[in-house]
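Chain by chain, the residues:
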Amino acid sequence: MTASLKAIDGSADLPALMNNLAAQARVAARVLSLASPEQKDRALQAMERAVRAHAPAILKANAEDVAEFRTTGATAAFIDRLTLTQARVDAMAEGIAAVRAIPDPVGVITESWQRPNGMIIERVRVPLGVVAVIFESRPNVAADAGVLCLKSGNAVILRGGSDSYRSCRAIHECLAEGLREAGLPEAAITLVPTRDRAAVGLLLTGLNGAVDVIVPRGGKSLVARVEAEARVPVFAHLEGINHVYVDHAANLDMAKKIVLNAKMRRTGETLLIDRAGAAKTLKPLVGMLIDAGCEVRGDEAVQHADSRVKPASEEDWDAEYLDAIIAARLVDGVDGAIAHILEHGSHHTDAIVTEDENAAKKFLKEVDSAIVLHNASTQFADGGEFGFGAEIGIATGKLHARGPVGVDQLTSFKYRIHGTGQTRP
């Protein structure tokens, strides 16, 4: 840990300390906004090297976090989100390299036009300023958020959960090493050096205008609190109640692969099956999920398909389990699927499996979610899979950013006008 963070961690005056962090981040944001792409990329290259070189220290710190939270009775899904492996650390380093390879968005002219009076108007990408990222469980978010903000010219304040505190400190050391090597201020990527929950409340105030946007990554209670209390803009999704709809015109083998991957790779899906194709698809899909260790809670028709299915309650259609549990029901065609998603979805990610192009077009057009897929797993709802290198989160709102938030979404714009002495009559 850097000397500045040691000093901060040792003080009892949390509001003053948080304001100090934010003030330093604001200064660093100014430096980053003017930094060259080459300087930022040097920092990212050094960060990648540091993560690879310090992988043993990161894994040791993570093992201590995991050991602590195993004693609390945490679920297997929670422990999986918290756990880092060598493969996940390698993926973290590869993500940094992927972000470095992305073209720098700052200063890019997205539009340009000339007015009848001869003035040329340009719309140019600029950084947002200071981004606060509040997250739980997944320590890799520290790296993803840090490097995405750096690439897009933003300073970032990271507030990880108490569950991943040691892991985040180890990862942050690697990021700080990269900043030092490139001659950039360490306050460009700041890790809040305390587990005190009051730090979250202070970040939500905006810290006297120093914070420009907040990104929450965590459970429903965290995101709901941020959306309710934040005094600055928020990029967030409250829930990830995602759906896979298997149409009567679906290829069964494809449907089985997509449904299994969507549900069991990282849990969080609802399965909708077209009543018209149920004789072909229902029993194989339900049996496959149960055999894979997934609990299925279904409507009456789904229960009849397999005696191992448990009855679904009304609450199940609005549940994000984050566990090997899925709610399943029959619907009347693509219109029934769209109606169910409209009522119970979270505007995050929804998919249709079908060989009927008209059904696919209707679903893609009418489902009002940030990400809508045809014949592909919902697990592709990820910035890395979009070619963004990584993501700072998935935004389900409709203002500024929607879907995976990558470097482009972490910029705003300004207008530059070039004249030759024009005045307005």
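Residues numbered from 1 in each chain as written. Predicted model: local features only at pLDDT ≥ 70, side-chain atom pairs only at ≥ 80, totals over all residues. Heavy atoms only, no water.

**A look at the packing of helix 3 (residues 37-53) against helix 7 (residues 140-151)**
Closest axis-to-axis distance for the helix 3/helix 7 pair is 9 Å, and the angle between their directions is 160°. On the basis of the axis angle, helix 3 is roughly antiparallel to helix 7. With respect to the hand of their crossing, helix 3 and helix 7 are arranged in left-handed fashion. Taken together, the residues of helix 7 that come into contact with helix 3 (itself represented by Lys40, Asp41, Ala43, Leu44 and Met47) are Val147, Leu150 and Lys151. Residues belonging to the contact of helix 3 with helix 7 are distributed by class as follows: 5 nonpolar, no polar and 3 charged. (Axes fitted to C-alpha atoms, helices over the stretch in contact; angles between N-to-C directions. Helix = DSSP H or I, 4+ residues; strand = E, 2+ residues; numbered from the N terminus. Parallel < 35°, antiparallel > 145°, perpendicular 65-115°, else oblique. Left-handed = near helix turned anticlockwise from the far one by under 90°. Contact = heavy atoms within 4.5 Å. Nonpolar A, V, L, I, M, F, W, Y, C, P; charged D, E, K, R; others polar.)

**Digging into a negative patch on the surface**
Judged by side-chain charge, Glu314, Glu315, Asp318 and Glu343 come together as a negatively charged surface patch. In this fold, glutamate 343 is placed in helix 14 (residues 333-344). (Patch = residues over 30% accessible without salt bridge, like charges linked within 9 Å, V, L, I, M, F, W, Y side chains within 5 Å. Areas by Shrake-Rupley, 256 points an atom, 1.4 Å probe, with all protein chains shown as cover. Salt bridge = Lys/Arg side-chain N within 4 Å of Asp/Glu carboxyl O. Lys, Arg positive; Asp, Glu negative; His and termini not counted. Charge placed at Lys NZ, Arg CZ, Asp CG, Glu CD.)

**Let's talk about a nonpolar patch on the surface**
Together, Trp113, Phe413, Tyr415 and Ile417 make up a nonpolar patch on the protein surface, roughly 410 Å² of accessible area in all. By residue number, the principal contributor to the nonpolar patch is strand 16 (residues 411-418), which donates 3 residues. With respect to the helices, strands and loops of the structure, tryptophan 113 is situated in strand 1 (residues 109-114). Judged by relative accessible area, which is 35%, tryptophan 113 ranks as partly exposed. (Buried < 20%, exposed > 50% of the residue type's maximum accessible area, 1.4 Å probe, protein only.)

**With respect to the state of the cysteines**
Counted by the stated rule, this structure contains 0 disulfides. With no disulfide of its own, cysteine 168 lies 12 Å from the sulfur of cysteine 174, the closest cysteine sulfur. (Disulfide = S-S within 2.5 Å.)

**Notes on the sheet that holds strand 16**
Strand order in this open sheet of 3 strands is 1-2-16, and the pairing throughout is antiparallel. Sheet topology places strand 1 and strand 16 at the edges, where each strand pairs with a single neighbour. Strand after strand, the sheet turns through a mean of 20° between neighbouring axes, direction not considered. Bridge analysis of strand 1 against strand 2 (residues 120-127) gives 5 bridges, and the strand direction is antiparallel. Following the sheet pairing, glutamate 111 is matched in strand 2 by arginine 123. (Pairing = 2+ DSSP bridges.)

**A few points about the pattern of salt bridges**
Going through the model one piece at a time under the given rule, you end up with 26 salt bridges. Note that glutamate 181 is salt-bridged to arginine 49, the shortest N-O span being 2.3 Å. Residue glutamate 181 is located in helix 8 (residues 165-182), and its partner arginine 49 is located in helix 3; the two are separated by 132 residues in the primary sequence. Close ionic contact of lysine 362 with aspartate 335 constitutes a salt bridge, the shortest N to O distance being 3.3 Å. Of the two residues, lysine 362 sits in helix 15 (residues 357-366) while aspartate 335 sits in helix 14, which places them 27 residues apart along the sequence. By relative accessible area, which is 47% here, aspartate 335 ends up partly exposed. Via salt bridges that share partners, Lys60, Glu64, Asp65, Glu68, Arg166 and Arg195 belong to a single interconnected network.

**Digging into the packing of aromatic side chains**
The tally for this structure, following the rule as stated, stands at 5 aromatic pairs. Seen from their ring centres, phenylalanine 69 and phenylalanine 78 are 6.1 Å apart, and the 40° between their planes marks the pair as tilted. Look at phenylalanine 69 and you get buried, because its relative accessible area is 15%. Consider the rings of tryptophan 113 and tyrosine 415, whose centres lie 6.3 Å apart with planes at 80°: the pair is edge-to-face. Of this pair, tryptophan 113 sits in strand 1 while tyrosine 415 sits in strand 16, placing them 302 residues apart in sequence. (Phe/Tyr/Trp six-rings, centres within 6.5 Å; stacked < 30°, edge-to-face > 60°.)

**Concerning the pairing of strand 11 (residues 325-331)**
Strand 11 sits mainly inside the fold: 6 of its 7 residues count as buried. Bridge analysis of strand 8 (residues 269-274) against strand 11 gives 5 bridges, and the strand direction is parallel. Paired with leucine 271 across the strands is alanine 328, a residue of strand 11. In terms of strand pairing, strand 9 (residues 295-298) meets strand 11 through 4 bridges, oriented parallel.

**Brief notes about helix 8**
Taking 1.5 Å per residue, 18 residues should reach 26 Å; helix 8 reaches 26 Å between its end C-alpha atoms and fits that length. Tyr165, Ser167, Cys168, Ala170, Ile171, His172, Cys174, Leu175, Ala176, Gly178, Leu179 and Ala182 are the residues of helix 8 that are buried. Two residues or fewer after helix 8 comes glycine 183, characterised by a positive phi angle close to 75°. (Expected span 1.5 Å × (residues − 1).)

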